[in-house]
Amino acid sequence: TQVHNGALQVIVSGLERMDPSEIDVADFDQFDAKQSDQLLNRITELFGELKNVHLRKLGNAYLADESFVSSFKVAAAAVSNHHAYPGGLLQHTVDLMELSRLVAPRYPQLDGELLMFGAFLHDLGKMDEMSGGGEVSYTDRGQMVGHIVIGVQRLGEMIDRLESSTGETFPSELRLHLEHMIVSHHGQIEFGSPKLPVTLEAVALHHLDNFDAKIASFTNIIETDVATEGNWTNYTPQIGRKLWKKRD
């Protein structure tokens, strides 16, 4: 080891590829199983507060799916940008649901329950878009289809299952609004949204999603910056600036 730019660095003189059976991925993953359980419990609580019976039943149908829950607990929200670690998707989802719950009462023209449920749904397609089990990477389906389309497909499958199990028809207009929030949450065509947000709830979801992602991404830049002295991070080309990182 030696000191470089005020920080201790490791000099590697040799590498040996390990057999996967000899490695416990939990030693390297940023994953907290206890926290994931707490976050899932919070989603259960939020669904339990829904007055819209159709949204409440749909939410409970997702949580009753053991395969969905087990995958949701360990899914990442991105390969690199924000919440890019096992459990990151769950953290991002709950944070966004809480933001929706906080903001909606300030704007009575918003349907707060619809907004919060859109926050739950918006990135679920990432569970199939990316693969875990070590380094997060894109799946073939993720490369070819993408999480927005996959998310709409997942919603359709879950509504079909709900209708089959209950014998009740899910409201078509409500389904349309949920689909729209999924397909428009990136906010702009050039950022990957097939449609621009055209409902108040979709507009709110896009901006809250962007807010949460930016805070998480910028925080990660500050926390992983290698500069050990001074009040500023190193220049980060992706965001075109340095960040103030001094903490009292």
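Only a predicted model underlies this, so the values are computations on that prediction, with no experimental measurement involved. (Residues numbered from 1 in each chain as written. Predicted model: local features only at pLDDT ≥ 70, side-chain atom pairs only at ≥ 80, totals over all residues. Heavy atoms only, no water.)

Asker: Describe the overall build of the protein chain, with residues and values.
Answerer: Broken down by element type, the protein chain carries 10 helices and 4 strands. The dimensions of the protein chain, computed from C-alpha atoms along their principal axes, are 65 × 45 × 35 Å. Residues counted as buried form 41% of the 248 residues belonging to the protein chain. Taking the intrachain contacts of the protein chain between residues at least 6 apart in sequence as the baseline, contacts between residues at least 24 apart amount to 53%. Carbon together with sulfur atoms contributes 51% to the accessible area of the protein chain, which is approximately 14,700 Å² in total. Here the protein chain contributes 21 positive and 35 negative side-chain charges, whose respective centroids are spaced 6 Å apart. (Helix = DSSP H or I, 4+ residues; strand = E, 2+ residues; numbered from the N terminus. Buried < 20%, exposed > 50% of the residue type's maximum accessible area, 1.4 Å probe, protein only. Contact = heavy atoms within 4.5 Å. Areas by Shrake-Rupley, 256 points an atom, 1.4 Å probe, with all protein chains shown as cover. Lys, Arg positive; Asp, Glu negative; His and termini not counted. Charge placed at Lys NZ, Arg CZ, Asp CG, Glu CD.)

Asker: If you had to explain the packing of helix 1 (residues 33-48) against helix 2 (residues 53-63) to someone new, which residues and values would you point to?
Answerer: Closest axis-to-axis distance for the helix 1/helix 2 pair is 9 Å, and the angle between their directions is 160°. Classified by the angle their axes make, helix 1 and helix 2 are roughly antiparallel. When you trace helix 1 past helix 2, the crossing you get is left-handed. Contacts between helix 1 and helix 2 involve Leu40, Ile43, Thr44, Phe47 and Gly48 from the first element and Arg56, Gly59, Asn60 and Leu63 from the second. Among the residues making up the contact of helix 1 with helix 2, the classes are represented as 4 nonpolar, 4 polar and 1 charged. (Axes fitted to C-alpha atoms, helices over the stretch in contact; angles between N-to-C directions. Parallel < 35°, antiparallel > 145°, perpendicular 65-115°, else oblique. Left-handed = near helix turned anticlockwise from the far one by under 90°. Nonpolar A, V, L, I, M, F, W, Y, C, P; charged D, E, K, R; others polar.)

Asker: Talk me through the environment of Asp37; I want residue IDs and the actual numbers.
Answerer: Among the structural elements, Asp37 can be located in helix 1. The class for Asp37 is partly exposed, based on a relative accessible area of 36%. Separated by 53 residues in the primary sequence, Asp37 and Leu90 have C-alpha atoms spaced 10.0 Å apart.

Asker: Report on the packing of helix 1 against helix 4 (residues 88-103), specifying residues and quantitative values.
Answerer: Put simply, helix 1 and helix 4 touch, their axes get as near as 10 Å, and they point 35° apart. Two packed elements cross with a definite hand, and for helix 1 against helix 4 that hand is left-handed. Touching Gln35, Ser36, Leu39, Leu40, Arg42, Ile43, Leu46 and Phe47 of helix 1 are Leu90, Gln91, Val94, Met97, Glu98 and Arg101, all from helix 4. Classifying every residue of the contact of helix 1 with helix 4 gives 8 nonpolar, 3 polar and 3 charged.

Asker: Provide a residue-level description of the environment of Met144, including the pertinent values.
Answerer: Tracing the backbone shows Met144 in helix 7 (residues 140-144). In this structure the C-alpha to C-alpha distance between Met144 and Leu174, which are 30 residues apart in sequence, comes to 28 Å.

Asker: I'd love a proper account of helix 8 (residues 147-166), names of residues and values included.
Answerer: With 20 residues, helix 8 ought to run about 28 Å at 1.5 Å a step, and its terminal C-alpha atoms sit 28 Å apart, in line with that. Looking at the buried positions of helix 8, the neighbouring elements they touch are helix 2, helix 5 (112-121), helix 6 (126-129), helix 7 and helix 9 (172-184). Of the residues one or two after helix 8, Gly167 is the one with positive phi, at around 75°. (Expected span 1.5 Å × (residues − 1).)

Asker: Residues and numbers for the pattern of salt bridges, please.
Answerer: Under the defined criterion, the tally for this structure stands at 11 salt bridges. Among the ionic pairs, Arg161 bridges to Asp65, the shortest N-O distance being 3.0 Å. Linking Arg161 in helix 8 with Asp65 in the loop between helix 2 and helix 3 (66-74), this pair joins segments that are 96 residues apart in sequence. A residue is classified by how much of its surface remains accessible, and Arg161, at 45% relative accessible area, is partly exposed. Beyond isolated ion pairs, a larger network of salt bridges with shared partners links Arg42, Glu45 and Glu98. (Salt bridge = Lys/Arg side-chain N within 4 Å of Asp/Glu carboxyl O.)

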